Amino acid sequence: MQKYYFDHAATTPMHPDVAAAMLEVMSGPASNPSSMHAFGRAAKQKVNQARDLIAAALGCKPSELIFTSGGTESDNAAIIGAAAAMKKKGKTHIITASSEHHAVLHTCEALAEAGYEVTYLPVDETGRVSIVDVAAAIKPETGLITIMHGNNEVGTLQPIEEIGELAHAHGALFHVDAVQSFGTALYRLSELPVDLMSFSAHKINGPQGVGALYLANGTPFEPIAHGGSQERKRRAGTENVAGIAGFAKAVDICVNNREHKQLFLDKLRTEWVDKLKAALSGTVEIAINGNAEHRLPNIVNISFIGIDTETMLMNLDMEGIAAASGSACTSGSLERSHVLKAMNLPEERLNSAVRFSFGLGNTVEELEDAARAIATIVERIRTNQ
């Protein structure tokens, strides 16, 4: 049976060159970057080279990058570390959006239990935050605003430049979860009004278990991991040298191919919607969830009106099509997407939504076959309803 992997927003296949870069490190001599001998210095050099490359790609200084275990840790470190530092200045109010990833929402909930005040901004029916709402929520006690760039479930992009300018005008720090957008968005961090930004390697054809946190020089920050003096005492723990080398290789490939990749992903998304509409014409109504203009090129969230999400996903899996109902971090849960709920979508769209996301390995040719397979699935489900 043909297999179709349309779940790149959950994780991406590792690029062969990334695996090769990691294998070179893993098959080499044992080494700890904190050791003073030649083996340790060689490992330290690999970490520094990776940091230099990623920093150049992001338009920031190498000293402003902290290596982490991935996007969730980067989000936690940014929010908890910035909130703790701003609390010392009497600022204990945090602003976020109701459609954020759970790595942000659950962290904010934990801080609320610890005594911080948290404001959850609404989003419109396309998943976008209003600048007017952000401005209205800011008060003298606001120390941190945390808003993601590209939504992992519907692909909607937020106006991070405008939000960052508002934050800085009121003396607040601004954190951006860029885990989902890093592969396609071009960042020049030195030119953006952003203090902290989170990244993850496995969303850009790199390894799982490694990521980075951008921390602009001079940004108030309290480390959440204690132990050694690694990462300039901002994140204790022995660095994942092989993972970091793989991350850098993935970034290098991503930067060199971003423009072509962006166009190709957008073509895949457009073709997928067109082929689905053609294949399903007259059988089931579909609706696209998200913002038509401000969006990531590789994610499309589609409601198959009248067909339950879980039923559709189960049938897709039986046909060899990998898709999702939302964030992979909440898979297995029967709860409906908190993102779609935040968008106040009608129940018929909320209960029938499926996310398809594209990337390395996908082709235009396979979309035709997959669309026909979904038409067969819909017919089967309709017959049994």
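Preceding block: the structure.
The present account deals with the structure reproduced in this document. (Residues numbered from 1 in each chain as written. Predicted model: local features only at pLDDT ≥ 70, side-chain atom pairs only at ≥ 80, totals over all residues. Heavy atoms only, no water.)

**Observations concerning helix α1 (residues 16–26)**
So, step 1. Those residues of α1 not exposed but buried are Val18, Ala21, Met22 and Val25. The arc that holds the buried residues of α1, viewed along the axis, is 95 degrees, so those residues lie on one side. Residues Pro16, Leu23 and Glu24 are exposed on α1 and point more than 90 degrees away from its buried face.
So, step 2. Looking at the buried residues of α1, the elements they touch are α2 (38–58) and α8 (241–280). (Buried < 20%, exposed > 50% of the residue type's maximum accessible area, 1.4 Å probe, protein only. Helix = DSSP H or I, 4+ residues; strand = E, 2+ residues; numbered from the N terminus. Arc of directions from axis to C-beta. Contact = heavy atoms within 4.5 Å.)

**Thoughts on the pattern of salt bridges**
So, step 1. The final tally for this structure, using the stated rule, is 12 salt bridges.
So, step 2. In this structure, Glu117 engages Lys139 in a salt bridge whose closest nitrogen and oxygen atoms are separated by 2.6 Å. Remark: Lys139 occurs in the loop between α5 (131–137) and β5 (142–146) and Glu117 occurs in strand β4 (residues 117–121); sequence separation between them is 22 residues.
So, step 3. Judged by its relative accessible area of 38%, Glu117 falls in the partly exposed class.
So, step 4. The structure contains a network of salt bridges with shared partners spanning Glu271, Lys275, Glu368, Asp369 and Arg372. (Salt bridge = Lys/Arg side-chain N within 4 Å of Asp/Glu carboxyl O.)

**Examining the sheet that holds strand β8 (residues 211–215)**
So, step 1. Read from one edge to the other, the open sheet built from seven strands follows the order β2-β8-β7-β6-β5-β3-β4, with strand pairing classed as mixed. In this open sheet, the two strands that pair with only one neighbour each are β2 (65–68) and β4. Each adjacent strand pair in this sheet contributes to an overall mean axis angle of 20 degrees, direction not counted.
So, step 2. For β5 and strand β6 (residues 173–177), the ladder comprises three bridges, and the chain directions are parallel. Paired with Thr146 across the strands is His175, a residue of β6.
So, step 3. In the packing of helix α6 (residues 160–169) onto the sheet, the strands contacted are β5, β6 and β7 (196–200), and the crossing angle to β6 comes to about 155 degrees. (Pairing = 2+ DSSP bridges. Axes fitted to C-alpha atoms, helices over the stretch in contact; angles between N-to-C directions.)

**Observations regarding the sheet that holds strand β10 (residues 299–304)**
So, step 1. Spatial strand order, β9-β10-β12: three strands in an open sheet with antiparallel pairing. Edge positions in the open sheet fall to β9 (286–289) and β12 (353–357), since each of these has one partner strand only. Direction aside, the axes of adjacent strands within the sheet are offset by 30 degrees on average.
So, step 2. Relative to β12, β10 runs antiparallel, the two being bridged by five bridges. Bridged to Ile299 within β12 is Ser357.
So, step 3. Together, β9, β10 and β12 form the strand contacts of α8, whose direction differs from that of β10 by roughly 15 degrees.
So, step 4. Along the sheet, helix α9 (residues 309–318) contacts β10 and β12; its crossing angle with β12, the most-contacted strand, is approximately 40 degrees.

**Considerations on the packing of aromatic side chains**
So, step 1. For the structure shown, the criterion picks out eight aromatic pairs.
So, step 2. For the ring pair Trp272 and Phe356, a centre distance of 5.2 Å and an interplane angle of 65 degrees mean the geometry is edge-to-face. Here Trp272, found in helix α8, pairs with Phe356, found in strand β12; they are 84 residues apart in sequence, far enough to count as distant. With respect to class, Trp272 is no different from Phe356; both count as buried. (Phe/Tyr/Trp six-rings, centres within 6.5 Å; stacked < 30°, edge-to-face > 60°.)

**A few points about the side chain of Arg234**
So, step 1. Note that Arg234 resides in the loop between α7 (230–233) and α8.
So, step 2. Buried and unpaired, Arg234 has no salt bridge, with Glu231 as the nearest side chain of opposite charge at 5.1 Å.
So, step 3. Once you skip the residues sitting within four places of it in the chain, Arg234 turns out to touch Ser63, Glu64, Leu65, Ile66, Leu215, Phe221 and Pro223. (Lys, Arg positive; Asp, Glu negative; His and termini not counted.)

**A word on helix α4 (residues 102–113)**
So, step 1. The end-to-end C-alpha distance of α4 is 16 Å, a good match for the 16 Å that 12 residues give at a rise of 1.5 Å each.
So, step 2. When α4 is considered as a whole, its buried residues turn out to be Ala103, Val104, Leu105, Thr107, Cys108 and Leu111.
So, step 3. Buried-residue contacts for α4 involve α3 (71–87), β3 (93–97), β4, β5, β6 and α10 (338–342).
So, step 4. The first or second residue beyond α4 is Gly115, which carries a positive phi of 110 degrees. (Expected span 1.5 Å × (residues − 1).)

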